[in-house]
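Overview (structure and organization)
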Amino acid sequence: MNMTLTVLSCAPRVFEIRNFLSEKEIDHIIEIAGGIKLSESTTGDVGSNSNGKNPDTKVERKTKVRTSKNSWVAREKSPILDAVYRRAADLTRIDEALMRTRSEEEIPEFDGKRSIAETLQLVHYDPTQEYTAHHDFGYSHIDDNMQAARFATILFYLNDEHDGLVGGETAFPRYINGKTFHDLKVKPEAGKAILFYDQLPDGNMDDFSQHSAKPVIRGEKWLINLWIWDPAYKA
Ligand SMILES: O=C(O)CCC(=O)C(=O)O
Ligand SMILES: [Fe+2]
C-alpha cells in the first residue's frame, strides 16, 4: 500500500495521511462499535505506572475535560483490525510484532512480551462535546527505571462534513511556524489519519504536542486513537 505523508507541522511533529482507512474498514469498525456499549470517557494519569504500589494515583476521573464517549476495540477482534495495526506499524516503521503479545522466541532482544501499542480507542462526540487541551503522555512512577511513556499518537477520523459534522477539529495550540500565531487545526476527514509524536527524538516529552478536540458544533464525530509506548506499555 502506498501512503503519502504530508508534514503539517515540525514543532510539534504532526503528519497527515489521507485515505489511510477505506470506507469498508470504517464501516466495519463502526459496526463493531455498534455492538459495544459506549461508556463515558474518563481521563486517567496515563504515566502512573505505579505497579499497584499506590493505586490512588491511578484513579480515573470523569471530568468536564473530556465529555465524549468511548470504547475499546482490540486488534484480535477481526482480520480488518489486525490489518489496521499492521498499517500503523508500517507507518511508524515499528515491527508489527511489537504491537501485539509475542512468544519467547520473537524479538528476544526486546525486554518484555507485551504489546507497546494500546487497544484501539473508539471515541464518539455529540454536539458540544470536546476534549480540552492536554498531552497524551504522562510521567512514569519515579521507581520505574524504564520511564515508559506514550511516544506517538495516531488519530483516525471516521466521518466528516459529508455526514453532517461541523466542528470537532483537532487543534495544536502550541504550533510554531514562524509565520502565524494561530493554532494548527486539523479538520476531520473520513479515512484520514494523523500521526504525531508525544516525545522528542531524545526521549524527552514534547510539550508542543499538546492538543485538543474542538467542540462538535453539529452532527456527530467518530474517531479512533492508537497510542504507542516507548519502550513498553505496562498499564
Ligand atoms: O478527538 C480528537 O480530535 C482528539 C482526541 C484526543 O486527543 C485523545 O483522545 O487523546
Ligand atoms: Fe489526546
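The following refers to the structure shown. (Residues numbered from 1 in each chain as written. Chains lettered and ligands numbered in written order. Predicted model: local features only at pLDDT ≥ 70, side-chain atom pairs only at ≥ 80, totals over all residues.)

1. A few points about the overall build of the chain
When its secondary structure is counted, the chain shows two helices and 14 strands. Put simply, the chain has 235 residues, and 31% of those count as buried. By sequence separation, contacts in the chain at least 24 residues apart represent 76% of the contacts at least 6 residues apart. (Helix = DSSP H or I, 4+ residues; strand = E, 2+ residues; numbered from the N terminus. Buried ≥ 20, exposed ≤ 12 C-beta atoms within 10 Å, placed from the backbone. Contact = placed C-beta atoms within 7 Å.)

2. Section: the site of ligand 1
For ligand 1, the full set of nearby residues is Val 123, Tyr 131, Asp 136, Leu 155, Thr 170, His 211, Ala 213, Leu 223 and Asn 225. For the shell around ligand 1, the secondary structure elements donating two or more residues are β12 (211-213) and β14 (221-230). Considering only residue class, the shell around ligand 1 consists of five nonpolar, three polar and one charged. (Near = placed C-beta within 6 Å. Nonpolar A, V, L, I, M, F, W, Y, C, P; charged D, E, K, R; others polar.)

3. Observations regarding the environment of Ala 149
Within the fold, Ala 149 resides in strand β7 (residues 149-157). Ala 149 sits 56 residues away from Met 205 along the chain, and the two C-alpha atoms are 8.6 Å apart.

4. A short note on the environment of Trp 229
On the secondary structure map, Trp 229 appears in strand β14. A residue is classified by how many C-beta atoms lie within 10 Å of it, and Trp 229, with 25 of them, is buried. As a C-alpha pair, Trp 229 and Phe 137 span 92 residues in sequence and 9.1 Å in three-dimensional space. In this structure, Trp 229 is in contact with Ile 116, Ala 148, Ala 149, Arg 150 and Phe 151, ignoring residues within four places of it in sequence.

5. Observations concerning the sheet that holds strand β6 (residues 131-134)
Strands sit in the order β6-β12-β9-β10 across an open sheet of four strands; the sheet is antiparallel. The sheet terminates laterally at β6 and β10 (184-186), the two strands that pair on one side only. With strand direction ignored, the average angle separating the axes of adjacent strands in the sheet is 15°. Both strand β9 (residues 170-172) and β12 contribute to a ladder of two bridges, which runs antiparallel. Opposite Thr 170, over in β12, you have Ala 213 as the bridge partner. (Pairing = 2+ DSSP bridges. Axes fitted to C-alpha atoms, helices over the stretch in contact; angles between N-to-C directions.)

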